[in-house]
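One letter stands for each residue in the lines below.
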Amino acid sequence: MALTFRGGIHPDDRKDATKKKPIENLAPPETVVIPMSMHIGAPCTPTVSVGDTVKIGTVIGDSSAPLSAPIHASVSGTVTAVEPRLHPNGSRVMSVVIANDYENTIDQSVCPKGSFESLSPEDIISIVRNAGIVGLGGAGFPTHVKISSGLGKVDTLIINCAECEPYITSNYRAMIETPEEIIGGIRILMKAFGLSSAVIGIESNKLDAIPSLEKALPSGGGGIKIKTLKTKYPQGGEKQLIYSLTKREVPPGGLPAAVGCAVFNPDTCAAIYQAVTTGMPLVSRVVTVSGSAIANPKNLRCPVGTMVSDLVTACGGFKEEPYKIIAGGPMMGSALQGVDLPIIKSSNSILSFCGNEDTSVAEPQCIRCGRCVSVCPMNLMPIYIRMYYEKERYDELEKLNVSDCIECGSCAYVCPGRLFLTQTCRVAKARLAEYKKKGAN
Ligand code: SF4
Ligand code: SF4
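Residues numbered from 1 in each chain as written. Chains lettered and ligands numbered in written order. Predicted model: local features only at pLDDT ≥ 70, side-chain atom pairs only at ≥ 80, totals over all residues. Heavy atoms only, no water.

**Here we look at the domain arrangement of the chain**
This is how it is decided: Domain start and stop positions are those given by an automatic or database domain assignment. In what follows, a contact means two residues having at least one pair of non-hydrogen atoms within 4.5 Å. Two parts placed together each lose some accessible area under a 1.4 Å probe, and the buried area is that loss summed for both. Each reported salt bridge corresponds to a side-chain nitrogen of Lys or Arg within 4 Å of a carboxyl oxygen of Asp or Glu. Definition of a polar contact: a pair of N or O atoms within 3.5 Å, with one able to donate and the other able to accept a hydrogen when the atoms are protein atoms, and with sequence-neighbouring residues admitted only if both atoms are side-chain atoms. Note on residue classes: Ala, Val, Leu, Ile, Met, Phe, Trp, Tyr, Cys and Pro are nonpolar, Asp, Glu, Lys and Arg are charged, and everything else, Gly too, is polar.
Each assigned domain of the chain is listed here: domain 1 (111-277) and domain 2 (371-440). Listed per partner, the contact involves six residues of domain 1 and six residues of domain 2. Note on domain 1 versus domain 2: buried area summed over both sides is about 490 Å², and carbon and sulfur give 55% of it. For the pair domain 1 and domain 2, the number of links is zero salt bridges. Where domain 1 meets domain 2, there are two residue pairs in polar contact (both at pLDDT 80 or more). Looking at the side of domain 1 that touches domain 2 residue by residue, the classes come out as three nonpolar, two polar and one charged.

Right under this line is the structure:
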């Protein structure tokens, strides 16, 4: 029986538009705009100036803060600007702009790091940090910190191949096309954590990726097991995935390591494999470009810093002016202000939708059906969160554990009254955090 968790929803997965399309390399962009903040934690400070020549893999930004990750040039060429530019999160962020010389010259620091068998956990952490690897599933948490903070605590390594958000197929295509990179990265992570086993969780709508992954396993499986998960959203939520695979429950406010688990995205594993075997830092990624407004949806590999407009052009442009463009999935992604924005390390998808998919109503109203409560995978009560948020009752919001909301969007998806429940929960969380901070001062 496929493994699952409580609550959740069953949206149409809408993956058919790109599922069968092999990953294409985008034609080299003329210019890349690389923000100095593409991860959770301290932003980097630029280490290059206007006029500098850079190669693929040259460090262009770094930070001494423990929670950060360096940033590298994704094309070779000349730095033409170091200035604040619009970031996908809507703010202006210090960025390095590079004019591509189309020479694809590789920085001399990019070289293989030797057999992973001979590396210590500290060596692996250092390689991962220097390669600027962050969680590629969308969160952007620096991977070297996830490994170092889990040493001695983690007994279960989990690879999140659920890819449960509708439309997105970048992980799926990587599982089909380059499984040896994913399995290679898992083996390196097993070495780092000192574990003899790992488990890959994959949704039942991607069963054809299993033989591909199995072929890439070392003789005898190497301790790596593949388990089938029920196709249900948000199966790829860290807490839901951990529960489905291990029946362990991450406590409120806790991290996976609190229950002995560490969860990695398959693209992150592949990036670790590349960093060790070739020395190439994280300078490119696969992005699914899809949605009803896109003429020819595709999975595209592009340099970090490529403009969204370049990806849209490579997909034949828009069929009509989209009413909404989203970075990430339709459930958890965030709306973009336009297409003159760069792809960052955590951009797994760009979706755009025609106006006839706009389901919002002029006057959202609660009809007290309770559906939002029954689908919440975190056992929260979105309807009461909304009520107490409007009354600014922070004491009640705390009792309702609003901080546990993973912003999965399931409540808003099922709400017949079309209330903006996810957005309300997101703001309520932030307001409660501010309120508690003020109280502490
Ligand atoms: S799902 Fe919507 S309409 Fe139903 S109780 Fe929740 S908020 Fe109200
Ligand atoms: S309250 Fe949060 S966790 Fe629960 S369904 Fe809504 S968005 Fe998801």
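**As for helix α3 (residues 143-150)**
Our working definition: Burial classes follow relative accessibility: with a 1.4 Å probe on protein chains only, a residue under 20% of its type's maximum area counts as buried, one over 50% as exposed, and anything between as partly exposed. The helix and strand labels rest on DSSP assignments: H or I over at least four residues marks a helix, E over at least two residues marks a strand, and numbering proceeds from the N terminus.
Of all the residues in α3, the buried ones are T143, H144, V145, I147 and G150. As for α3, its buried residues are in contact with α2 (121-130), α5 (179-193), β12 (261-264) and α8 (266-277). One or two steps after α3, the chain reaches G152, where phi turns positive at roughly 85°.

**Some words on the site of ligand 2**
Quick reminder of the rule: Note on terminology: near, applied to a residue and a molecule or strand, indicates that one of the residue's heavy atoms is within 4 Å of it.
Near ligand 2 you find 13 residues, and of these C376, C405, C408, G409 and C411 are the closest. At the level of elements, α13 (410-414) and α14 (421-440) are the ones that each hand at least two residues to the shell around ligand 2. Residue classes in the shell around ligand 2 are distributed as nine nonpolar, three polar and one charged.

**A word on the sheet that holds strand β17 (residues 349-353)**
Inclusion rule: By the convention used here, strands pair only if DSSP detects at least 2 bridges between them.
Here six strands make up an open sheet; going across it, the order is β1-β14-β13-β17-β15-β16 and the pairing mixed. With one partner strand each, in any of the chains shown, β1 (24-25) and β16 (334-335) form the two edges of the open sheet. The pairing of strand β13 (residues 284-290) with strand β14 (residues 298-303) spans six bridges and is antiparallel. In the strand pairing of β14, T288 is matched with N299.

**Here we look at the packing of aromatic side chains**
The condition is simple: Any Phe, Tyr or Trp ring, taking Trp's six-membered ring, that has another such ring centre within 6.5 Å forms a pair; planes under 30 degrees apart are called stacked, those over 60 apart edge-to-face, and the others tilted.
Inspection of every chain in the model, using the stated rule, returns three aromatic pairs. Look at Y167 and F353: their rings are 5.4 Å apart centre to centre, the planes differ by 65°, and that puts the pair in the edge-to-face class. Linking Y167 in the loop between β9 (156-161) and α4 (170-177) with F353 in strand β17, this pair joins segments that are 186 residues apart in sequence. You'll find Y167 and F353 in the same group, each marked buried.

**Side note on the state of the cysteines**
A disulfide bridge is the covalent bond that connects two cysteines by way of their sulfur atoms. Operational definition: Cysteine sulfur atoms are paired as a disulfide whenever they fall within 2.5 Å.
All told, the structure shown has zero disulfides when counted by the stated rule. Take C44: it sits in no disulfide, and the sulfur closest to it among the cysteines is that of C302, at 19 Å. Considering cysteine sulfurs only, C302 is the nearest to C315, which forms no disulfide, with 10 Å between them.

**Brief notes about the environment of G222**
You can see G222 is positioned in the loop between α6 (209-216) and β11 (224-229). When its relative accessible area of 34% is taken as the criterion, G222 is described as partly exposed. For the pair formed by G222 and S410, sequence separation is 188 residues and the distance between their alpha carbons is 37 Å.

**Some points on α8**
What counts here: Multiplying 1.5 Å by the residue count of a helix minus one yields the expected span of that helix.
With 12 residues, α8 extends 16 Å from end C-alpha to end C-alpha; this agrees with the ideal 16 Å at 1.5 Å per step. Most of α8 sits out of view: nine of its 12 residues are buried. By the burial criterion, the buried members of α8 are P266, D267, T268, C269, A270, A271, I272, A275 and V276. Of the residues that open α8, the one with a side-chain oxygen 2.7 Å from the backbone nitrogen of D267 is N265. Looking one or two places after α8, you find G279, whose phi comes out positive at around 85°.

**Description of the packing of α3 against α5**
What counts is decided by this rule: As a rule, the C-alpha atoms of each element are fitted with a line to give its axis, helices using only the stretch in contact, and angles between N-to-C directions run from 0 to 180 degrees. Roughly parallel means an angle under 35 degrees; roughly antiparallel means over 145; roughly perpendicular covers 65 to 115; every other angle is labelled oblique.
One can describe the packing of α3 onto α5 by two numbers: an axis separation of 9 Å at closest approach and a directional angle of 40°. Considering their axes alone, α3 and α5 lie oblique with respect to each other. Only L189, A192 and F193 of α5 make contact with α3, whose side of the interface consists of K146, I147 and G150.

**As for the sheet that holds β12**
Here we have four strands laid out as an open sheet, ordered β11-β10-β9-β12, and parallel in their pairing. Taken across any chain shown, the strands that pair with only one partner, and hence form the sheet edges, are β11 and β12. In this sheet, neighbouring strand axes are inclined to one another by 25° on average, regardless of whether the strands run parallel or antiparallel. Sheet topology places strand β10 (residues 198-203) next to β11; six bridges connect them, and they run parallel. Its bridge partner being in β11, I200 is matched across the sheet by I226. Packed onto the sheet, α8 meets β9 and β12 and runs at close to 110° relative to β9.

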